[in-house]
Protein chains: 2
Amino acid sequence: VARVRALGHPLCAGIDPHPERIPPLFARGSMEPDDPETVPAVEAFCLAVLDHLTGRVAVVKPQIALFEALGWRGFQALERVLDAARERELLVVLDAKRGDIASTAEGYARAYLGAGAALAVDAITLNPWLGLDSLDPFLGLARAEGRGVFVVTRSSNPGARDFQDLDAGGRPVHERVAEALAPAAAGLAAPQSGWSSLGVVVGATSPDHARRLRAILPRSLFLVPGYGAQGAGAAEAVAGFVPGPGGRLEGGIVNASRSILFPTDADTDDVARWDDAVEAALDRAIDELSGAVAGGAGA
Amino acid sequence: VARVRALGHPLCAGIDPHPERIPPLFARGSMEPDDPETVPAVEAFCLAVLDHLTGRVAVVKPQIALFEALGWRGFQALERVLDAARERELLVVLDAKRGDIASTAEGYARAYLGAGAALAVDAITLNPWLGLDSLDPFLGLARAEGRGVFVVTRSSNPGARDFQDLDAGGRPVHERVAEALAPAAAGLAAPQSGWSSLGVVVGATSPDHARRLRAILPRSLFLVPGYGAQGAGAAEAVAGFVPGPGGRLEGGIVNASRSILFPTDADTDDVARWDDAVEAALDRAIDELSGAVAGGAGA
């Protein structure tokens, strides 16, 4: 929250290194997932992107699936990308959407939120389908280690309607999830900023849902996917935000992945052109979101 | 299905190598997750367990979280455990409970069900919370590559009640999930056995739910956790099964993890004693489940 306030915008950069989209500047070998050459190419691309992000965004969000798809070498690359983010003083939300029964959840929680874990991150995304007991080990470590979680409550994809939006007693299931999370979220609110280390994922593609979820979870940070490539604008992305100190809207981070990592004019082997394209995409997203939170057009 | 019929029982052995439970016979170093010595110990333990399982069960179910918690070296160990299972002609269901938006799901699907992937398995468990579009890439590969999926529909943990059992229009949400899966499950039914490569996870701890889910998904194999250490008996575990050729109940696999991997008298550094303890635990589970499917006491 402090870093977002200092920067004046809530942009979070998603690190989703789809191998087939990585520009010729970084590509090596076939760029197929099972080609060992793909891993150093993905890693070099991620590090170059992190250089552009340093000092300009508060948070980055690596998508673990894209590293996992490269096998154990991909995990090794993720470890180095996390180290690089830490060196650059970027906070990391690992997009893992994990969710399992308690004894298994303990293992995941220690791996990602435990003190000294190789893949330790500042926060992780979780899937609530298995219930509150599947979240508990993460909440315990979030409190003990000063980390955070974002529970996928209302995602940004079309399939979010299938089960998250089912009517359960006059309210969609995703609101029932938010209600169930509310006591723990209140218990994890920080005395200083007022914001909780139990946040939720709420897609930019459904601003009405975001406003209702804000009423249920007044102290939870929203991690907002769906802005940019997935079609939602900056005003929709901050629909669940509320006025903070100075009147600027706050209460979450807005993720952009493809629009920053792979702008249309960045598919090049010219480093200067690539730098310019990524920088321009970053400027555009920061301008839009700065405007949206300054305009006060949110909740 | 053919292997389960030949063996006469539906036991699936869960490979959940919790480091702190691994007996002194295999332990090395501190057995903390961040100690590199832990990985070879976990791997040796898993391979020794696979030796006991060879020819006695049709399927093993490694829990990816326990490998993932060991970092990239854990993934490397998992790769070798999967190779070892293939060599021993054991089918593998990877318990990963993945679920993400379509572009990310593509990456996961290729990593685990794709032809030639290092971590390729026969089937994977999936989390349906993000909707049908999050499952599609897996279903496409299941059809193209002759693999399978098990969608977590009603889990075995207490938290299953929190959201899976919410009333959504007179039926619990988990039945709505099953109804949404039904067309795809029917489309993926094999001409020969009649069973579908779209299965569901249905906990042994709620046999009534299993019977209703069987009515909704007549051709889906059930992956049944919760038998043994989690408290459900063999008769409850096969509640959703139906009579197959010869009258024996069939229609899924029943997982036991802790009761086979860590029987009470296996916490030893004596190899003969450990062998006997694991063999006895395996005999017991096989006897119970053989009896339950022969007795015809299911759905």
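Model, not experiment: these values are computed from the prediction.

Here the focus is the overall build of chain A. The secondary structure content of chain A amounts to 12 helices and 10 strands. Rg of the C-alpha trace for chain A: 19 Å, near the compact-globule value of 19 Å for 299 residues, within the 12% margin. By principal-axis analysis of the C-alpha atoms, chain A measures approximately 55 × 45 × 40 Å. By the burial criterion, 61% of the 299 residues in chain A qualify as buried.

This model, assessed by the stated rule, comprises 33 salt bridges over all chains. A salt bridge links Arg98 of chain A to Glu68 of chain B, with the nearest nitrogen and oxygen atoms 2.7 Å apart. Here Arg98 of chain A, found in strand E3 (residues 91-98), pairs with Glu68 of chain B, found in helix H3 (residues 64-68), and the two come from separate chains. A salt bridge links Glu250 of chain B to Arg5 of chain B; its shortest N-O distance comes to 2.8 Å. Of this pair, Glu250 of chain B sits in strand E9 (residues 249-250) while Arg5 of chain B sits in helix H1 (residues 2-7), and the two are 245 residues apart along the sequence. Given a relative accessible area of 10%, Glu250 of chain B falls into the buried group.

Rotating chain A by 180° and moving it 0.0 Å along the rotation axis overlays it on chain B with an RMSD of 0.0 Å. Those values place the two copies in the arrangement expected of a two-fold rotation axis. Identified as the residue of chain A closest to the rotation axis by C-alpha distance is Ala168 of chain A, at 2.2 Å. A high fraction, 100%, of the interface residues of chain A reappear at the interface in chain B, so the copies pair face to face through one surface.

Let us now look at the interface of chain A and chain B. Listed per partner, the contact involves 55 residues of chain A and 55 residues of chain B. For the pair chain A and chain B, the summed buried area comes to about 4800 Å², and 60% of that belongs to carbon and sulfur atoms. Among the residues chain A hides against chain B, the three largest losses belong to Trp72, Trp129 and Phe163 of chain A. Together they make up 20% of the total. Here chain A is connected to chain B by four salt bridges. Contributing elements (two or more residues each) for the side of chain A that touches chain B: helix H3 (64-68), helix H4 (71-87), E3, helix H5 (102-113), helix H6 (132-145), strand E5 (148-154), helix H7 (160-163) and helix H8 (173-187) of chain A. Element by element, the count of residues in the side of chain A that touches chain B is highest for H5 of chain A, at seven residues. Taken together, the residues of the side of chain A that touches chain B break down into 24 nonpolar, 18 polar and 13 charged.

With that settled, consider the nonpolar core. In this structure, Leu53, Val60 and Tyr112 of chain A together with Leu53, Val60 and Tyr112 of chain B are the most contacted members of the largest nonpolar core, which totals 214 residues. What Leu53 of chain A contacts, discounting residues up to four positions off in sequence, is Ala13, Ile15, Val60, Leu90 and Leu282 of chain A.

Let's shift gears to the sheet that holds strand E10 (residues 252-256) of chain A. Residue and element names in this part refer to chain A. The eight strands lie next to each other as E1-E2-E3-E4-E5-E6-E7-E10, forming a closed barrel whose pairing is parallel. The sheet shows a mean angle of 30° between the axes of neighbouring strands, taken without regard to direction. Examined bridge by bridge, strand E1 (residues 11-15) and strand E2 (residues 59-62) share four bridges and lie parallel to one another. Pairing of Cys12 across the sheet is with Val59, part of E2.

So, about the confidence of the model for chain A. On average, residues of chain A score 95 in pLDDT, and 99% of them are at 70 or above. We note a pTM of 0.97 for the whole complex and an ipTM of 0.96 for its interfaces.

Here the focus is the packing of H6 of chain A against H8 of chain A. Residues and elements named next belong to chain A. Where H6 contacts H8, the two axes come as close as 12 Å, and the packing angle between them is 10°. On the basis of the axis angle, H6 is roughly parallel to H8. Residues Leu132, Leu135, Leu139 and Arg143 of H6 touch H8, and the partners they reach there are Ala180, Leu181, Ala184 and Gly187.

Attention now moves to the sheet that holds strand E5 (residues 148-154) of chain B. As a general point, the strands of a sheet are linked pairwise by backbone hydrogen bonds and lie either parallel or antiparallel. Residues and elements named next belong to chain B. Strands sit in the order E1-E2-E3-E4-E5-E6-E7-E10 around a closed barrel of eight strands; the barrel is parallel. Each adjacent strand pair in this sheet contributes to an overall mean axis angle of 30°, direction not counted. Alignment of strand E2 (residues 59-62) against strand E3 (residues 91-98), held across two bridges, turns out to be parallel. Residue Val59 lies in a different strand from E3, and its bridge partner there is Leu91. Against the sheet, helix H2 (residues 38-53) engages strand E1 (11-15) and E2, with an angle of about 170° to E1.

A few words now on unusual backbone geometry. One non-glycine residue, Met31 of chain A, adopts positive backbone phi at about 60°. You can see Met31 of chain A is positioned in the loop between E1 and helix H2 (38-53). Although it is not a glycine, Glu89 of chain B sits at a positive phi angle of roughly 55°. With respect to the helices and strands, the residue Glu89 of chain B is situated in the loop between helix H4 (72-87) and E3.

Another point: the packing of aromatic side chains. One pass over the structure, following the stated rule, counts 11 aromatic pairs over all chains. Judged by centre distance (4.8 Å) and plane angle (75°), the rings of Phe26 of chain A and Trp274 of chain A are edge-to-face. Of the two residues, Phe26 of chain A is situated in the loop between E1 and H2 and Trp274 of chain A in helix H12 (residues 271-295); the sequence distance between them amounts to 248 residues. Judged by its relative accessible area of 13%, Phe26 of chain A falls in the buried class. Ring geometry for Phe75 of chain A against Phe75 of chain B: centres 4.0 Å apart, planes inclined by 25°, an arrangement best described as stacked. Here the residue Phe75 of chain A occupies a position in helix H4, and Phe75 of chain B occupies one in helix H4, the pair thus bridging two chains. The pair formed by Phe75 of chain A and Phe75 of chain B is uniform in burial state, with each residue classed as buried. Among the aromatic residues, ring-to-ring pairing joins Phe26, Phe45, Phe262 and Trp274 of chain A into one connected group. Over the face of the ring belonging to Trp195 of chain A we find Arg219 of chain A, whose NZ or CZ atom lies 4.7 Å from the ring centre.

What counts as what
Residues numbered from 1 in each chain as written. Chains lettered and ligands numbered in written order. Predicted model: local features only at pLDDT ≥ 70, side-chain atom pairs only at ≥ 80, totals over all residues. Heavy atoms only, no water. Helix = DSSP H or I, 4+ residues; strand = E, 2+ residues; numbered from the N terminus. Rg over C-alpha atoms; globule rule 2.2 N^0.38 Å. Buried < 20%, exposed > 50% of the residue type's maximum accessible area, 1.4 Å probe, protein only. Salt bridge = Lys/Arg side-chain N within 4 Å of Asp/Glu carboxyl O. Least-squares fit on C-alpha atoms with pLDDT ≥ 70 in both. Contact = heavy atoms within 4.5 Å. Buried area = accessible area lost by both parts, 1.4 Å probe. Nonpolar A, V, L, I, M, F, W, Y, C, P; charged D, E, K, R; others polar. Core = buried A, V, L, I, M, F, W, Y, C linked by side-chain atoms within 4.5 Å. Pairing = 2+ DSSP bridges. Axes fitted to C-alpha atoms, helices over the stretch in contact; angles between N-to-C directions. pLDDT = per-residue confidence, 0-100. Parallel < 35°, antiparallel > 145°, perpendicular 65-115°, else oblique. Phe/Tyr/Trp six-rings, centres within 6.5 Å; stacked < 30°, edge-to-face > 60°. Lys NZ or Arg CZ within 6 Å of the ring centre and 35° of its normal.

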